[in-house]
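# Report on the structure
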Amino acid sequence: MLRRRVRPREELLQQLLLHSVDPSLFCVRCPYPHAAHAQIVLETEVTNESALRLYEALGFVRDKRLPKYYLNGNDAYRLKCWVR
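Residues numbered from 1 in each chain as written. Predicted model: local features only at pLDDT ≥ 70, side-chain atom pairs only at ≥ 80, totals over all residues. Heavy atoms only, no water.

On to the sheet that holds strand β2 (residues 61–66). Pairing is antiparallel in the open sheet, where three strands are placed in the order β1-β3-β2. Edge strands, defined here as strands with exactly one partner in the open sheet, are β1 (38–45) and β2. Neighbour to neighbour, the strand axes of the sheet diverge by 25 degrees on average, direction disregarded. Both β2 and strand β3 (residues 76–83) contribute to a ladder of five bridges, which runs antiparallel. (Pairing = 2+ DSSP bridges. Helix = DSSP H or I, 4+ residues; strand = E, 2+ residues; numbered from the N terminus. Axes fitted to C-alpha atoms, helices over the stretch in contact; angles between N-to-C directions.)

In structure tokens:
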């Protein structure tokens, strides 16, 4: 199996995320959107593939595409992660 090389900036972002939120809380796959779980919600540009890979590896799911979200006219994805 080939291992993908992690970029230093991507590794730094991952470390910041893991230190800002207790990893034992991360992330519950909540099958019921109205269940009593807290959520972490964030947005990232649809073209930012490395950020999308990182967030999805941490358990975030794409919730919605937000057209023309950024000032440059690009769309964003809203990502959600349910925590215990």
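That shown, we press on.
Turning to the confidence of the model for the protein, a few remarks are in order. Interpretation of this model should avoid reading the predicted coordinates in detail wherever pLDDT is low. When pLDDT is averaged along the protein, the result is 77; 56% of the residues meet or exceed 70. Summarising per-element confidence for the protein, the mean pLDDT is lowest in helix α1 (residues 8–20) (67) and highest in β2 (94). (pLDDT = per-residue confidence, 0-100.)

As for its placement among the helices and strands, E43 is situated in strand β1. Using a relative accessible area of 29% as the deciding quantity, one classes E43 as partly exposed. Each C-alpha atom of the pair E43 and L79 lies 6.0 Å from the other, and the pair is 36 residues apart in sequence. Residues contacting E43, with those up to four places away along its chain left out, are L66, Y69, Y70, A76, Y77 and R78. A distance of 3.4 Å separates the side chain of E43 from the side chain of Y69, its partner in a polar contact. (Buried < 20%, exposed > 50% of the residue type's maximum accessible area, 1.4 Å probe, protein only. Contact = heavy atoms within 4.5 Å. Polar contact = N/O pair within 3.5 Å; in protein donor to acceptor, adjacent residues only side chain to side chain.)

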